[in-house]
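Residue-level structure breakdown
These are the residues of each chain, in order.
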Amino acid sequence: MNKKDNFIQDINNGYLSKGDSIILGGAILDGEPIAEAHVKIPLKTLNRHGLIAGATGTGKTKTIQVFSEQLSNAGIPVLMMDIKGDFSGIAKEGKEEGFITERHAKINIPYNVTAFPVELMSLSKQNGVRLRATVSEFGPVLFSRILDLNDTQAGVVAVIFKYCDDKQMPLLDLKDIKKVINYITEEGKDEITQSYGKISTATTGTILRKIIELEQQGGDLFFGELSFEIDDLMRIDENGKGYVNIIRLTDIQDKPKLFSTFMLSLLAEIYQKMPEKGDAEQPELVIFIDEAHLIFNEASKALLEQIETIVKLIRSKGIGVYFVTQNPMDVPSGVLAQLGLKIQHALRAFTANDRQAIKKTADNYPTSQYYKTDELLTNLGIGEALVTALNEKGVPTPLVATMMRAPMSRMDVLTSDEIEAINSKSKLVKKYSEEIDRESAYEILNKKIEEATQAAAEQEEQAPTRSSKSEPSTASVVGKSVLKVVTSATFIRGVFGVLTKIFKK
């Protein structure tokens, strides 16, 4: 067989799938698409996580769109964290253009236009489904790691959570935990010391400053009720398509602390509440985290360890997590090692550092007799990518340059009117639109302080009356003083000393 025939055989054997799969595109050899070789990813392996990387403008967003469309068609819900705001067009069908049909003819994949069921969500006050969580749901360990606290400070946070549990005071939002911190360092200091030990005001001051920092990045909008229910991400529409849940994050690009807080809380919540799935035939949910470097650049060592741990464990719950970033080096090695599917779009080499980064990137991929990986990385066209995945047995597939198929939905954003139309029909928008501010630690402690202040005031008013009845007379005071002196040991010793001298004489 010649080189082309060998290539077709290797790719088809390497990407063979007995179960259901999705098709990302057609293989490329020597710059030409090969119609007989399709790049198929088994649904069974999509909970093994993945990476989609590449320089700006190389086609990452369209790849995510294609990926999400294929998942939705297979009845798998998607959660997309949309930082740039350019993903919403998946809610409307695309337009058949000449260059698209020509592209699909080259890779022998039919092209049809269609729309997909979408929910628009927000961490802020943008239109859409409001996503919130309570401080109590985070728990002391995760909340401490979000704030990047040391062991001593984390111990104080644990005491605060324990105190609130013991006193049945819900911690719902940031004003609740701020109020508790102020209380245990002032009015309730003695109570805390007696039951839980002494707490340093310097430590509580540091914790309070960290909370204020989180609050300034929008944490006050995220923490509160009604808490979002994970089951609402797992919906299938009446046509059997999985919902594409888009979290619009365009207004928090400069608030990485809020972004990482939400992402970690979401993964932790999913891990805690989802049942074990083992090796299921397809994932329950696939999550795409766009601009993933925003998380890792701002994360502390403890937070990175937490992310790495959750990524390792969450796949057994049937959840696939896909990190989207410009350079694979943005992802910590501990997380990168967990990613089974890698889709690498072109990288650009403008400096010596860029060239070194490309060589390191090439080393992360399997060697291939058909490609010089480091050279190909800079020569891929828009909408082309290097792909390697895991087959159904968990073995890495051959590295293949791929001409990605085009999205079937609109390759542009929704208009304001279209966004409003989606939200007006959404059951989830109605469900989560109401802000609930029930009685929690803030209100309970305010009431407690008010009652204590009122009791102290009443006691002060009664104090003069009680003191006038028990006021001792001057004679009584003088008498008691004389008696005290007369009966004192010093006075007695002095008297006996004088008497002794008199009798000696």
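Residues numbered from 1 in each chain as written. Predicted model: local features only at pLDDT ≥ 70, side-chain atom pairs only at ≥ 80, totals over all residues. Heavy atoms only, no water.

**Section: the pattern of salt bridges**
What the rule picks out here adds up to 15 salt bridges. Residue Lys84 is joined to Asp290 by a salt bridge in which the shortest nitrogen-to-oxygen separation is 3.0 Å. One end of the pair, Lys84, is in the loop between strand S4 (78-82) and helix H3 (98-107); the other, Asp290, is in the loop between strand S8 (285-289) and helix H10 (293-298), and 206 residues separate them in sequence. A residue is classified by how much of its surface remains accessible, and Asp290, at 2% relative accessible area, is buried. In this structure, the salt-bridge partner of Lys162 is Asp166, at a minimum N-O distance of 2.8 Å. (Salt bridge = Lys/Arg side-chain N within 4 Å of Asp/Glu carboxyl O. Helix = DSSP H or I, 4+ residues; strand = E, 2+ residues; numbered from the N terminus. Buried < 20%, exposed > 50% of the residue type's maximum accessible area, 1.4 Å probe, protein only.)

**Quick notes on H3**
Among the residues of H3, those classed as buried are Ile100, His104 and Ile107. Viewed end-on, H3 has its buried residues packed into an arc of 65 degrees, placing them on one side of the element. In H3, those exposed residues whose orientation departs by more than 90 degrees from the buried face are Phe99 and Ala105. Just downstream of H3 lies Asn108, where phi reads positive at about 60 degrees. (Arc of directions from axis to C-beta.)

**Considerations on the confidence of the model for the chain**
Do not read the predicted coordinates in detail wherever pLDDT is low. In the predicted model, the chain carries a mean pLDDT of 85, and the fraction of residues at 70 or more is 90%. Here helix H18 (residues 474-486) is the element of the chain with the lowest mean pLDDT, 46, and strand S12 (residues 400-404) is the one with the highest, 97. A low-confidence stretch, residues 477-493 (pLDDT under 50), is modelled with five contacts involving residues beyond four sequence positions or located in other chains. Counting contacts from residues 498-505, a segment whose pLDDT is below 50, to residues more than four positions away or on other chains yields zero contacts. (pLDDT = per-residue confidence, 0-100. Contact = heavy atoms within 4.5 Å.)

**A short note on unusual backbone geometry**
Cis peptide bonds are those with omega within 30 degrees of zero, and the linkage from Glu225 to Leu226 qualifies with 15 degrees. Along the chain, Leu226 turns up in the loop between helix H8 (201-222) and strand S7 (244-248). Phi at His49 is positive, roughly 70 degrees, even though this residue is not glycine. Structurally, the position occupied by His49 is in the loop between strand S2 (32-42) and strand S3 (50-53). Unlike most non-glycine residues, Asp148 shows phi in positive territory, near 60 degrees. Summarising the element assignment, Asp148 is placed in the loop between helix H4 (135-146) and helix H5 (151-166).

**What about the nonpolar core?**
Membership of the largest hydrophobic core comes to 80 residues, with the highest contact counts inside it found for Met81, Phe143, Ile289 and Phe323. Element by element, the count of residues in this core is highest for helix H9 (residues 256-273), at nine residues. The residues contacting Ile289, other than those within four sequence positions of it, are Met81, Phe259, Met263, Ile295, Val321, Tyr322, Phe323 and Val324. Counting residues in hydrophobic clusters, the runner-up holds 64 residues, among them Ile22, Leu43, Ala362 and Leu380. (Core = buried A, V, L, I, M, F, W, Y, C linked by side-chain atoms within 4.5 Å.)

**Quick notes on the environment of Ala74**
In this fold, Ala74 is placed in the loop between helix H2 (60-73) and S4. Counting along the chain gives 54 residues from Ala74 to Asp20, while the straight-line C-alpha distance between them is 8.6 Å. When near neighbours in sequence (up to four residues on either side) are disregarded, Ala74 contacts Leu43 and Gln282.

**Observations concerning the pairing of strand S10 (residues 341-344)**
Of the two faces of S10, both are covered, the one formed by Leu341 and Ile343 as well as the one formed by Lys342 and Gln344. Relative to S10, S3 runs parallel, the two being bridged by four bridges. Across the sheet, the residue bridging to Leu51 is Lys342, located in S10. Where S10 meets strand S11 (residues 384-388), three bridges bridge the pair, whose relative direction is antiparallel. Bridge pairing in S11 links Lys342 to Thr388. (Pairing = 2+ DSSP bridges.)

**Details of the environment of Thr388**
Of note, Thr388 is situated in strand S11. Residues Thr388 and Lys342, spaced 46 residues apart in sequence, show a C-alpha to C-alpha distance of 5.5 Å. Among all residues touching Thr388, those that are not within four sequence positions of it are Tyr15, Gly340, Leu341, Lys342, Tyr365, Pro366, Thr397, Pro398 and Leu399. Looking at Thr388, its side chain comes within polar contact range of the main-chain oxygen of Thr397, at 3.0 Å. (Polar contact = N/O pair within 3.5 Å; in protein donor to acceptor, adjacent residues only side chain to side chain.)

**A closer look at the packing of aromatic side chains**
Enumeration according to the criterion identifies 13 aromatic pairs in this entry. Where Phe138 meets Phe222, the ring centres are 6.2 Å apart and the plane angle is 75 degrees; that geometry is what we call edge-to-face. On the criterion of sequence distance, the pair formed by Phe138 in helix H4 and Phe222 in helix H8 is long-range, its members being 84 residues apart. For the pair Phe138 and Phe222, one class covers both residues: buried. (Phe/Tyr/Trp six-rings, centres within 6.5 Å; stacked < 30°, edge-to-face > 60°.)

**Quick word on the sheet that holds S11**
Spatially, S2-S1-S12-S11-S10-S3-S9-S8-S4-S7-S5-S6 is the arrangement adopted by the 12 strands of the open sheet, whose pairing is mixed. The outermost strands of the open sheet, each flanked by one partner alone, are S2 and strand S6 (129-130). Note that S4 and S8 share four bridges and pair parallel. Each bridged residue has a counterpart across the sheet, and for Met80 the counterpart in S8 is Phe288. The strands that H3 touches are strand S1 (21-29), S2, S11 and S12; relative to S2, the one it contacts most, it runs at about 85 degrees. (Axes fitted to C-alpha atoms, helices over the stretch in contact; angles between N-to-C directions.)

**With respect to the environment of Glu284**
For Glu284, the position within the fold is in the loop between H9 and S8. Residue classification places Glu284 among the partly exposed positions, given a relative accessible area of 29%. Distance from Glu284 to Asn47, taken between C-alpha atoms, is 8.5 Å for residues 237 residues apart in sequence. Not counting the four nearest positions on each side in its chain, Glu284 is found in contact with Pro77, Met234, Met274, Lys277, Lys317, Gly318 and Ile319.

**Side note on the packing of H5 against helix H6 (residues 174-185)**
For the pair H5 and H6, the least separation of the axes is 11 Å and the interaxial angle reads 95 degrees. Between H5 and H6, the angle is such that the two are roughly perpendicular. Contacts between H5 and H6 involve Ile160, Phe161, Tyr163 and Cys164 from the first element and Ile177, Val180, Ile181, Tyr183 and Ile184 from the second. Residue composition of the contact of H5 with H6, grouped by class: nine nonpolar, no polar and no charged. (Parallel < 35°, antiparallel > 145°, perpendicular 65-115°, else oblique. Nonpolar A, V, L, I, M, F, W, Y, C, P; charged D, E, K, R; others polar.)

**Quick word on the side chain of Thr61**
Summarising the element assignment, Thr61 is placed in helix H2. Here Thr61 falls in the buried class, since its relative accessible area comes to 14%.

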